[in-house]
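Structural overview
Here are the chains, one letter per residue:
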Amino acid sequence: MPDVNNAVMEFLHTRRSRPAKLLQAPAPDREALKPILTAAARTPDHGKLEPWRFIVLEKPALDRLARAVDHCGAETGRSEEDIAKARQQFADSPLCVAVIEVQKPSEKIPAIEQTYSAGAVCLALLNAALASGWGANWLSGWPSHDCDFCQSALGLVDNERVAGFIHIGTASAVPPERPRPDIDAITTWLDT
């Protein structure tokens, strides 16, 4: 029989993201964040390419990004509602880690596998923050997909894109449990 880590299984069965709008200061400082980032970097990575990196956005950077959302949203003709929602994501956050997918040339590792690895880093980072006692939420939104915003506000280059914004702080409330998938409805067993 394998060794079961019951504490980890209990965490995974009960983990719950905390809505970003319910996160407040304090957030982890650099010393507290490093073990969380280290845990996230232990993600499956076919070919050991490290097709991702982190940009830690502290409060002054988040305020700058909120202003950049206003400018970019106006330039691209977004609605005031879309701009306000995206701005709030940055303006209200006590700390955010942008997980950046970095596509690396490889004859063996397809681009899609690099994308999957970056997504896995997002979930690992989210879970590591939650397991460390912080509130955390994985968001994206239109700014994460806008090349001009990503290049001007985050300094991304052509082979990079945002896989997710992981907001981390102190949860001001615990959200109610939400419905979860019916495992029997989404599972197919093949025995031949």
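Whatever comes next refers back to the structure up there.
Small disclaimer: the values here were computed from a predicted structure and weren't measured.

What about the packing of aromatic side chains?
One pass over the structure, following the stated rule, counts three aromatic pairs. When the centroid spacing of 6.5 Å and the interplanar angle of 35° are considered together, the rings of Trp52 and Phe54 count as tilted. Members of the aromatic cluster, connected to one another through ring pairs, are Phe90, Phe149 and Phe165.

Structural notes on the environment of Ser152
For Ser152, the position within the fold is in helix α7 (residues 147-154). Classification of Ser152 as exposed rests on a relative accessible area of 62%. A distance of 2.9 Å separates a polar atom in the side chain of Ser152 from the backbone oxygen of Asp148.

A word on the nonpolar core
Judged by nonpolar contacts, the single largest core of 24 residues is most densely connected at Leu57, Phe90, Phe149, Leu154 and Phe165. Breaking this core down by element, the ones donating at least two residues are β2 (52-57), α3 (59-75), α4 (80-91), β3 (96-102), α7 and β5 (160-171). For this core, the element with the most residues is α3, which contributes seven residues. Once residues within four sequence positions are removed from consideration, Phe149 is found in contact with Leu65, Ala68, Val69, Cys72, Phe90, Pro143 and Leu154. Ile36, Val97, Cys122 and Ile168 belong to the second-largest nonpolar core, a separate cluster that totals 19 residues.

Parameters and conventions
Residues numbered from 1 in each chain as written. Predicted model: local features only at pLDDT ≥ 70, side-chain atom pairs only at ≥ 80, totals over all residues. Heavy atoms only, no water. Phe/Tyr/Trp six-rings, centres within 6.5 Å; stacked < 30°, edge-to-face > 60°. Helix = DSSP H or I, 4+ residues; strand = E, 2+ residues; numbered from the N terminus. Buried < 20%, exposed > 50% of the residue type's maximum accessible area, 1.4 Å probe, protein only. Polar contact = N/O pair within 3.5 Å; in protein donor to acceptor, adjacent residues only side chain to side chain. Core = buried A, V, L, I, M, F, W, Y, C linked by side-chain atoms within 4.5 Å. Contact = heavy atoms within 4.5 Å.

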